[in-house]
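In case you want the letters, here they are:
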Amino acid sequence: MQSFAVKTIGAIAAIGLMTLGSLAFAQDDAFDLSVPKPEAGAGADEFADLECGTEMLSGSGPGFTADRDEAETVAIENWMEKAAKVFPDTELDFDLAKDSNLSCAVQGLYSKCFADGIPCKSKAE
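Anyway, here's the lowdown on the structure attached to this text. Counting of residues starts from 1 at the beginning of each chain's written sequence and follows it residue by residue. Two thresholds apply to this predicted model, a pLDDT of at least 70 for residue-level local features and 80 or more for giving and counting side-chain atom pairs, whereas whole-chain, interface and lining totals are computed over all residues. Side-chain numbers come from the whole structure's heavy atoms, not from hydrogens or water.

Let's shift gears to the environment of K82. Tracing the sequence through the fold places K82 in helix α2 (residues 68–86). Residue classification places K82 among the partly exposed residues on the basis of a relative accessible area of 36%. C-alpha separation for the pair K82 and S58, spaced 24 residues apart in sequence, amounts to 8.2 Å. Excluding residues within four positions of it along the chain, K82 makes contact with L57, S58 and G59. Strands are runs of DSSP state E lasting at least 2 residues, helices are runs of H or I lasting at least 4, and numbering of each runs from the N terminus. Partly exposed residues are those whose accessible area sits between 20% and 50% of the maximum for their type, while under 20% is buried and over 50% is exposed, using a 1.4 Å probe and protein chains only. Working rule for contacts: check all heavy atoms of both residues, and any pair within 4.5 Å makes them a contact.

This is the structure in C-alpha cells:
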C-alpha cells in the first residue's frame, strides 16, 4: 500500500505532465499570431460589390516550418486551392475574403499557419 506522500507526488507529476502536454502546441504570445485585415470593421458596404461563398474555408501547410513567411504563404495557397473549387475559372484574392484571418501556431522556432475566410469574387457587371 502506497503512502499518502507517494500518491500526492504521483498526482502532482501527472498534472504537471498534462500541463506540459497542453502547452506543447500553445500559441506564443510574444508573436503577433493573428493578422486582421486593415479594413476590418468597415461594415456591410465593404462586400456590396462582391459575390461571396456560403462556407468558411481553412487552409494550412503540411506541418511546422522554420520560415514563418513561408508558412503564411503555404496556408494562403492552400486556402486559394479550396476557394478555386467554390469559384472555378475566377481570379481569387485572399484579401477579398470575407471574415478572413491569418494566424500561426508557434512551437519553438517553428510556425504552422492557418488562413481562414469566406471566398469572395467581384460581381459580374
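The rest of the description comes next.
Time to look at the state of the cysteines. Criterion for a disulfide: a pair of cysteine sulfur atoms at a distance within 2.5 Å. Counted according to the given criterion, the structure contains 2 disulfides. The residue that forms a disulfide with C52 is C120, at a sulfur-sulfur distance of 2.0 Å. Disulfide C52-C120: torsion about the S-S bond near 105°, hence right-handed. Pair noted here: C52 is in strand β1 (residues 50–52) and C120 is in strand β5 (residues 120–122), with a separation of 68 residues, a long-range link. Each disulfide of the chain joins two cysteines, and with those cysteines numbered along the sequence the arrangement is 1-4, 2-3.

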